[in-house]
Amino acid sequence: MKKKIFITGGSGYLGRHLIKYLKSKNYKIYAPTSKEINLKNYNQIKNIKNNFDQVYHLAAWTQAGDFCLKYPMDQWIINQEINSNIIKWWSNSNNIKSKIIIIGTSCCYDEKGQFEEKNYLNEKPHDSLATYAMTKKMLLQGVISCQLQKKLKWNCFIPSTLYGKGYKITNKTPHFIFDLVRKILRGKFYGSKVELWGNGNQTREIVHVNDFIKNMVNITNNKSNTIFNIGGGNEYSIKYFAKEICRIANYEFDKIYFNKSKYVGAKSKKLSIKKIMKYNPSYKKQLIKINDGLLDMVNWHIRNKDF
């Protein structure tokens with residue numbers, strides 16, 4: 001029998017790729033858009049019959065960059081409304097087989113810590129990201145409370161920055177890897193000034209969206225009531241990423257201006273993958289090679305003139 005899947009945030013980057021993957025596995029998908037169902041309005045959610053095997057809650061009100069600094073109050077209120085409504089709907093169902101899968105954030109970890117799952121709930125996030133991080137901690141505590149009282153099942157997955165083709169850069173503040181692509185390609189094709197924040201030595205970790213999804217779905221189908229980091233296993237400097245994108249786009253790296261006076265966030269972010277390596281010892285070997293993934297991504301943006 002086909003598994004029935006409910007997805008929030010299906011029109012987002014992760015959501016679109018997840019739907020494509022699940023459909024290829026012959027799953028039956030229901031992923032209403034925000035125009036069809038407003039997740040802030042419980043009255044629009046409560047009448048959906050929960051006859052689903054799995055509920056993937058991907059929706060979140062956030063963006064990259066300094067968005068968290070500009071809208072902390074709105075982030076708290078909107079995300080708490082969305083998360084509470086979804087948990088209420090899911091937990092009030094008489095269908096106890098429905099399992100919820102939620103997406104966490106690396107912002108919940110102490111940037112000076114080990115980024116291990118056991119510390120996800122108890123570490124203090126960086127002040128600049130605290131509001132968003134706390135909504136994610138509350139979301140996890142919410143599904144845990146449903147497990148404790150009603151024996152419901154859940155999983156929580158924390159990705160490092162997702163990358164890959166198909167991300168729509170325009171009209172939003174993208175995560176750093178897509179921001180690099182946009183700026184360098186605009187420098188290449190439009191002669192725009194390429195300005196990057198910081199000295200370029202801050203390090204980041206990325207994981208291909210397809211790798212994240214394959215591992216998330218596999219673990220979901222085999223384990224319950226647990227948290228997993230899904231990261232790339234290595235971190236690289238912003239300069240490294242910029243040089244690689246410049247190489248692919250045939251743009252001179254020396255033209256880039258590094259503005260050291262601007263906000264750069266954490267100096268380093270690298271998720272521990274000890275837990276997932278224990279679950280799947282071949283995990284790291286099976287990941288898409290970063291240079292191959294970047295090549296595919298940059299060429300997609302060039303082909304689609306999305307920059």
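Just above sits the structure.
Here the structure is a predicted model, which means the values were calculated and not measured. (Residues numbered from 1 in each chain as written. Predicted model: local features only at pLDDT ≥ 70, side-chain atom pairs only at ≥ 80, totals over all residues. Heavy atoms only, no water.)

Asker: Lay out empty space enclosed by the protein with the relevant residues and their values.
Answerer: Under the counting rule described, the total for this entry stands at 1 cavity of 30 Å³ or more. Each pocket or cavity is described by its volume, and for the largest cavity that value is around 50 Å³. Around the largest cavity, the lining residues are S106, C107, Y109, E111, F115, H126, L129, A266 and K269. The class makeup of the residues in the lining of the largest cavity is 5 nonpolar, 2 polar and 2 charged. (1 Å grid on protein atoms, 1.4 Å probe; cavity = no way out; pocket = protein on both sides within 12 Å on 5 of 7 lines; lining within 4 Å. Points joined across faces, edges and corners; volume = space filled by probe spheres on them. Nonpolar A, V, L, I, M, F, W, Y, C, P; charged D, E, K, R; others polar.)

Asker: I'd like to hear about the pairing of strand β3 (residues 54-57), residue by residue, with values.
Answerer: Burial along β3 is two-sided: the face carrying Q54 and Y56 and the face carrying V55 and H57 are both buried. Pairing between strand β1 (residues 4-8) and β3: 4 bridges, direction parallel. Residue I7 lies in a different strand from β3, and its bridge partner there is Y56. Two elements, β3 and strand β4 (residues 99-103), share 4 bridges in a ladder whose sense is parallel. Of the residues in β4, the one forming a bridge with Q54 is K99. (Buried < 20%, exposed > 50% of the residue type's maximum accessible area, 1.4 Å probe, protein only. Helix = DSSP H or I, 4+ residues; strand = E, 2+ residues; numbered from the N terminus. Pairing = 2+ DSSP bridges.)

Asker: Before we move on, could you go through the packing of aromatic side chains and cite the residues and values that matter?
Answerer: Across all of its chains, the model carries 19 aromatic pairs by this definition. With a centroid separation of 3.9 Å and an interplanar angle of 10 degrees, the aromatic rings of Y167 and F178 are classed as stacked. With Y167 in the loop between β6 (161-163) and α6 (176-190) and F178 in helix α6, this pair connects stretches of sequence that are 11 residues apart. Residue classification places Y167 among the buried positions, given a relative accessible area of 8%. By relative accessible area, F178 is classed as buried at 1%. (Phe/Tyr/Trp six-rings, centres within 6.5 Å; stacked < 30°, edge-to-face > 60°.)

Asker: Give me the lowdown on the nonpolar core, citing residues and values where you can.
Answerer: Ranked by internal contacts, the top residues of the largest apolar core, which has 55 residues, are Y56, I177 and F212. A59, I102, C146 and W154 belong to the second-largest nonpolar core, a separate cluster that totals 37 residues. (Core = buried A, V, L, I, M, F, W, Y, C linked by side-chain atoms within 4.5 Å.)

Asker: Go over the pattern of salt bridges with me, naming the residues and quoting the values.
Answerer: Enumeration according to the criterion identifies 8 salt bridges in this entry. Residues K274 and E116 are paired through a salt bridge, measuring 3.4 Å at the closest nitrogen-oxygen approach. Of this pair, K274 sits in helix α9 (residues 274-279) while E116 sits in the loop between β4 and α5 (130-150), and the two are 158 residues apart along the sequence. Overall, the relative accessible area of 62% leaves K274 in the exposed class. The salt bridge involving R182 is made with D179; its shortest N-O contact spans 3.0 Å. In this pair, R182 and D179 are both assigned in helix α6, 3 residues apart and thus about one turn of the helix distant. On the basis of relative accessible area, D179 is assigned to the buried category, the value being 17%. (Salt bridge = Lys/Arg side-chain N within 4 Å of Asp/Glu carboxyl O.)

Asker: Account for α6, naming residues and giving values.
Answerer: Taking 1.5 Å of rise per residue, 15 residues should cover 21 Å, and α6 covers 20 Å from first to last C-alpha, within 8% of that figure. Those residues of α6 that fall on the buried side of the exposure criterion are F176, I177, F178, D179, L180, V181, I184, L185 and G187. Just beyond α6, the residue with positive phi is G191, at close to 75 degrees. (Expected span 1.5 Å × (residues − 1).)

Asker: Break down the pairing of β1 for me, with residues and values.
Answerer: By the criterion of burial, β1 is predominantly enclosed, with 4 of the 5 residues buried. Sheet topology note: the β1/strand β2 (residues 28-30) ladder contains 3 bridges and is parallel. Each bridged residue has a counterpart across the sheet, and for F6 the counterpart in β2 is Y30.

Asker: Account for unusual backbone geometry, with residues named and values stated.
Answerer: Note: most residues except glycine have negative phi, and most peptide bonds are trans. With a phi angle near 70 degrees, N26 is a residue other than glycine that sits in the positive phi range. Take N26: it is sitting in the loop between α1 (13-24) and β2. The exposure class of N26 is partly exposed, given its relative accessible area of 46%. Even without glycine at this site, N225 takes up a positive phi of about 60 degrees. Counting through the fold element by element, N225 comes out in the loop between α7 (209-220) and β10 (226-230). Using a relative accessible area of 28% as the deciding quantity, one classes N225 as partly exposed.

Asker: Any chance you could break down the sheet that holds β1 for me, citing the residues and the numbers?
Answerer: Strand order in the open sheet made by the 6 strands is β2-β1-β3-β4-β5-β10, with parallel pairing throughout. One side of each edge strand has no neighbouring strand; the edge strands of this open sheet are β2 and β10. Across the sheet, the mean angle from the axis of one strand to that of its neighbour is 20 degrees, orientation sign disregarded. As judged from the 5 bridges shared by β4 and strand β5 (residues 153-159), these two strands associate in the parallel manner. (Axes fitted to C-alpha atoms, helices over the stretch in contact; angles between N-to-C directions.)

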